[in-house]
Amino acid sequence: MARTISAIALALLATLSAIAQTQPIDSLKNELIISTASNRVTILLAISQYFINVNLDSANVYAEKALQFATDTKADQDLARIYTQLGRVNFITPSYDDALDFFLKAEHLYKQQDPINKNELLRVYSNLGAIYERQDELDKSLHYYELSLSLLDEDDRDKHATAPSALHAPIYNNLGNTLIKMKDTVKAIVYYKKGLQYALEIKDYLHGANLLNNLGKVMIEKKKMTEGYPYLKQGERFRAMIHDDRGLASSYRNLVIYFIAVNNLDSAKYYIYQTTKALRKVGDLTDKFGEIYMLLSDIYSQEGKYDSALYAFKLHVQYKDSVFNGPKFRELARVEARYEMLHKNQEEQVKQKSREFKTIIAISILISGIIILLLLYAIQKVRSKNQRLQYEQLKLREEKLVSDQTALQLELEYKQKDLTAQMLFLLKKDEFIHKVIHRLETVKKDLPSEVQSKLLRITKELGAISKHNDTSWQEFELRFKEVHKDFYDTLEASYPELTPKERRLCALLKLNMTTKEISSITHQSTRSLEVARTRLRKKFNLTNSEVGLVDFLSKISK
């Protein structure tokens, strides 16, 4: 249905709207320059209200400026009014999620006031009902409309009102919209007519036009053409009278639908042109253009002008899929120029009717080709998307593999350091034993002979412990195999001629221990170890190679 510009427009923002209507925009801007802090928010909102039916971007900019100023001053009353205005702008855009957020914030602030500003809260309730209706949450929509009517009746009783409130018309309009969605057309028409009666009584042409437009559309949908057309035309007159360009776009669109229904295609094309001009004037370059060009495509199809129908359909798809940016806006200008050219060349097209049959065949072939190309493009697009997904999955797997390898490498380094620490412990233990033996031998000479014999036995036992580390070596080899599981197996399989001592030396070299450290642990001289290392290089075929023995062993069973 043609929708209310938003229920917050119910009384045109009361005083704020009055300021915007009675003062020219230049005057408001001048007042903003010389305004004091106390009334700057009011003027900014008045300017925003002026632009709301002229240019939504400007309306939003001035409302956000007011919000920035009010946030600094932390005035809850100003914040509530600003949230309401921002809700209106986002409602019209439409950006319903943002609008809902702003109106809920405004509702919270208004409820905190003492006394509560019933008029403002009523507008917020009405807008919340409208938003929930747009989002098809009809139960919530009806709930807020019921709150609106209840609050409206309460306020009228308090004021002993003798005339209809300016809020009745928009609320009944929105109730009608909700009932249409609930498939209760009969009751919706009753509410539309009741709201229209209220609007005409107080000369509220804005909401009167909305109600007329909705009544006309319902009648057209019910195939009651003679009843629907007067409603649509009267709504168009009201909107033209109050310069409601956005509303005019809606009226023109519904008149297009009417004239298509009565098979008056020339009038339908005229109103399509009027619709695009009105939408462009308010900067509303959204999916409404897509709808209009779809209607234009249908008209050209009925006229047998298939090339123009195809072109209009392409525009429909383009507008449906995206909102216009700067380059697309220029494309719109070219489209409108093309449309005007088509309109001017209608007489020439009449002369070409003799060639229509061939043209229809050619266009049919062209359309088939385009459909095939579109299908191929869609298939290719899906394939590309799948390839991207597969690539991303592969990349994630590689990253996980690298992460796992890094973790394993860190664990290996930790265990290897632990093994090295254990061997260094053995080294320190042997050094300590040698020092003890040396000190005992030093003091032995000065002791009685019976004590010397006991010390001799002790030094022999300590020497035996130092020279026979089989238990320590067994424990070391068990720990070493936990870290380098396949090292000994690989050595034995590849080089079976290695002796146990050589395999043990290989293990110590794999831990990157120095010859001096190995000598201290194995009690071999450095010369013996160098000879042993030379033998190992020969067995590993490294005699004439630049590969180091430690590097070679480090690559075995990583």
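Residues numbered from 1 in each chain as written. Predicted model: local features only at pLDDT ≥ 70, side-chain atom pairs only at ≥ 80, totals over all residues. Heavy atoms only, no water.

1. A word on the nonpolar core
For the record, the criterion: We define the nonpolar core as a collection of buried residues of types Ala, Val, Leu, Ile, Met, Phe, Trp, Tyr and Cys that are connected through side-chain atoms lying within 4.5 Å of one another. Each residue gets one of three labels from its accessible area relative to the maximum for its type: buried under 20%, exposed over 50%, partly exposed in between, using a 1.4 Å probe on protein chains only. Helix and strand assignments follow DSSP, with helices taken as H or I runs no shorter than four residues and strands as E runs no shorter than two, numbered in order from the N terminus.
Within the largest apolar cluster, 47 residues are counted, with the highest numbers of intra-cluster contacts made by Val 41, Ile 82, Tyr 83 and Ile 131. Going through the elements one at a time, helix H3 (40-51), helix H4 (56-73), helix H5 (76-92), helix H6 (96-112), helix H7 (118-134), helix H8 (138-159) and helix H9 (168-181) are the ones with two or more residues in this core. Of all hydrophobic cores here, the second largest spans 28 residues; its members include Phe 259, Tyr 293, Ile 299 and Ala 309.

2. Some remarks on a nonpolar patch on the surface
Quick note on the threshold: Every patch collects residues that have over 30% relative accessible area and no salt bridge, joining them within 9 Å if they carry like charges and within 5 Å if they are nonpolar side chains (Val, Leu, Ile, Met, Phe, Trp, Tyr). Working definition of accessibility: Shrake-Rupley area with a 1.4 Å probe, residue cover restricted to the visible protein chains. Put simply, a salt bridge is a Lys or Arg side-chain nitrogen that is within 4 Å of an Asp or Glu carboxyl oxygen.
A cluster of nonpolar side chains, contributed by Ile 372, Leu 373, Leu 376 and Ile 379, occupies part of the molecular surface with about 400 Å² of accessible area. Residue placement: Ile 372 occurs in helix H19 (residues 356-444).

3. Some points on the confidence of the model for the protein chain
To be explicit about the condition: pLDDT expresses, on a scale from 0 to 100, how confident the predictor is about each individual residue. The contact criterion used throughout is that any non-hydrogen atoms of two residues lie within 4.5 Å.
Predicted confidence across the protein chain gives a mean pLDDT of 79, with 79% of residues reaching 70 or more. In this model, residues 1-22 is a region of pLDDT below 50 whose contacts with residues beyond four sequence positions or in other chains number 80 contacts. For the stretch residues 323-342, pLDDT sits under 50, and the model shows 36 contacts to residues farther than four places along the chain or on other chains.

4. Considerations on the packing of aromatic side chains
So the rule is basically this: Each Phe, Tyr or Trp ring, with Trp reduced to its six-membered ring, pairs with another whose centre is within 6.5 Å; inter-plane angles below 30 degrees give stacked pairs, above 60 give edge-to-face pairs, and intermediate values give tilted ones. Only when the NZ of Lys or the CZ of Arg is both within 6 Å of the ring centre and within 35 degrees of the ring normal is a charge said to sit over the ring.
Evaluation of the coordinates by the stated rule reveals 19 aromatic pairs. Here Tyr 125 and Tyr 144 contribute two aromatic rings whose centre-to-centre distance is 5.8 Å and whose plane-to-plane angle is 45 degrees, an arrangement assigned as tilted. Here Tyr 144 lies in helix H8 and Tyr 125 lies in helix H7, a separation of 19 residues in the sequence. Taking the ring centre of Tyr 62 as reference, the NZ or CZ of Lys 65 above it sits at 4.9 Å.

5. As for the packing of helix H11 (residues 205-221) against helix H13 (residues 245-261)
This is how the line gets drawn: Lines fitted to C-alpha atoms define the axes, with helix axes restricted to the stretch in contact, and inter-axis angles between N-to-C directions lie between 0 and 180 degrees. The labels follow the angle: roughly parallel below 35 degrees, roughly antiparallel above 145, roughly perpendicular from 65 to 115, and oblique for the rest. Rotating anticlockwise by less than a right angle from the far helix to the near helix defines a left-handed crossing, while the corresponding clockwise rotation defines a right-handed one. Amino acid classes used here: Ala, Val, Leu, Ile, Met, Phe, Trp, Tyr, Cys and Pro are nonpolar; Asp, Glu, Lys and Arg are charged; the rest, including Gly, are polar.
Direction vectors running N to C along H11 and H13 enclose 20 degrees, while the axes themselves pass 10 Å from each other. For the element pair H11 / H13, the angle class is roughly parallel. As for the relative orientation of H11 and H13, their crossing is left-handed in sense. Across the interface between the two elements, Asn 213, Lys 217 and Ile 220 from H11 touch Ser 250, Ser 251, Asn 254, Ile 257 and Tyr 258 from H13. Across the contact of H11 with H13, the residue classes break down as three nonpolar, four polar and one charged.

6. A closer look at helix H22 (residues 487-494)
Convention followed: Think of it as the arc spanned by the lines of direction from the helix axis to the C-beta atoms.
Among the residues of H22, Phe 487, Tyr 488 and Leu 491 are the ones counted as buried. Each buried residue of H22 lies within a common arc of 95 degrees when the element is viewed along its axis, so the set occupies one face.

7. Quick look at the packing of H5 against H6
Running from amino to carboxyl end, H5 crosses H6 at an angle of 155 degrees, the nearest separation of the two axes being 8 Å. Compared by their axis directions, H5 and H6 come out roughly antiparallel. For H5 against H6, the interelement crossing comes out left-handed. Residues Asp 76, Leu 79, Ala 80, Arg 81, Tyr 83, Thr 84, Leu 86, Gly 87, Arg 88, Asn 90 and Phe 91 of H5 pack against Tyr 96, Asp 98, Ala 99, Phe 102, Phe 103, Lys 105, Ala 106, Leu 109 and Tyr 110 of H6. By residue class, the composition of the contact of H5 with H6 is 12 nonpolar, three polar and five charged.

8. Here's the deal with H11
As a reminder of what qualifies: In a helix, the anticipated span is given by 1.5 Å times the number of residues less one.
Across its 17 residues, H11 extends 24 Å between first and last C-alpha, which sits within 8% of the 24 Å expected from 1.5 Å per residue. Across the 17 residues that make up H11, a large majority, 15, are buried.

9. Focus on the environment of Met 513
Following the sequence through the fold, Met 513 ends up in the loop between helix H23 (500-510) and helix H24 (515-522). Through-space distance from the C-alpha of Met 513 to that of Val 550 is 9.2 Å; in sequence the pair is 37 residues apart.

10. Some details on unusual backbone geometry
Peptide bonds are mostly trans, and most non-glycine residues show a negative phi. For the bond from Thr 93 to Pro 94, the omega torsion is -5 degrees, close enough to zero to count as cis. By the element assignment, Pro 94 lies in the loop between H5 and H6. The residue after Asp 114, namely Pro 115, is reached through a cis peptide bond having omega 5 degrees. Position of Pro 115 relative to the elements: it lies in the loop between H6 and H7. With a phi close to 60 degrees, Lys 203 is a non-glycine residue in the positive phi region. Tracing the backbone shows Lys 203 in the loop between helix H10 (185-201) and H11. Overall, Lys 203 belongs to the exposed group, its relative accessible area being 58%.

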